[in-house]
Structure formats: structure tokens, C-alpha cells
Amino acid sequence: MPAPHLGLDGRAALEAYGHPPDDAELEPYLQARRLQSVAWSLLLARRLPRHAEHAAAQSQHWREWA
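Conventions adopted
Chains are numbered independently. Their residues run from 1 in the order of the written sequence. In keeping with the predicted nature of the model, local features appear solely for residues at pLDDT of at least 70, side-chain atom pairs appear and are counted solely at 80 or more, and the whole-chain, interface and lining totals rest on all residues. Think of the side-chain values as coming from all heavy atoms in the structure, minus any hydrogens and water. In this text, helices come from DSSP runs of H or I with a minimum length of four residues, and strands from runs of E with a minimum of two, each type numbered from the N-terminal end. Contacts between residues were defined by any pair of non-hydrogen atoms, one from each residue, lying within 4.5 Å. The salt bridge definition used is simple: a Lys or Arg side-chain nitrogen within 4 Å of an Asp or Glu carboxyl oxygen. Think of it in three bands: residues with accessible area under 20% of the maximum for their type are buried, residues over 50% are exposed, and the middle band is partly exposed, with areas taken using a 1.4 Å probe on protein chains only.

**A word on the side chain of Ser 59**
Then, number 1: Positionally, Ser 59 belongs in helix H3 (residues 52–65).
Then, number 2: If we skip the residues at most four places from it in the chain, Ser 59 touches Val 38 and Leu 42.

**Observations concerning the pattern of salt bridges**
Oppositely charged side chains can form a pair if their charged atoms are brought close together.
Then, number 1: Summed over all chains, the structure comprises two salt bridges.
Then, number 2: Among the ionic pairs, Asp 23 bridges to Arg 11, the shortest N-O distance being 2.4 Å. Of the two residues, Asp 23 sits in helix H2 (residues 23–47) while Arg 11 sits in helix H1 (residues 10–15), which places them twelve residues apart along the sequence.
Then, number 3: With a relative accessible area of 33%, Arg 11 lands in the partly exposed category.
Then, number 4: The residue Arg 34 makes a salt bridge to Glu 27 at a minimum N-O spacing of 3.2 Å.
Then, number 5: Judged by its relative accessible area of 27%, Glu 27 is partly exposed.

Quick look at the structure:
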């Protein structure tokens, strides 16, 4: 499904490689991206305390998920 706010279609981009991965093949990369998001949120919160609540929520979600 396209991300309408960005005008991107992730599935179409993957299909362009010739062997689009199925959901199981893609899952480790999605997990890594989620972890990267948590790490950046925590770093941002250290510099900009107004982001601390969001970073804490993301971190908690990651702990529950992992």
C-alpha cells in the first residue's frame, strides 16, 4: 500500500528489484528499522527534552515487542 503522505509505494519499489520479498523475508528488516527509530528517538530526547515522552513510549513498546 502506498504511503500517501510521501507518495511512495514500497511494494512497487521492491518489485522493481525482480524478486520482491514476501512478508517473512522482509520482517527482519522491518524489525531493524523499528529499532533504528527507537534509537534515534532516544538520542533526540537527550538533546530536546520535549521529545522524552515519545521516546519513552517507543522504548517501552520495543521492550514489550522484543
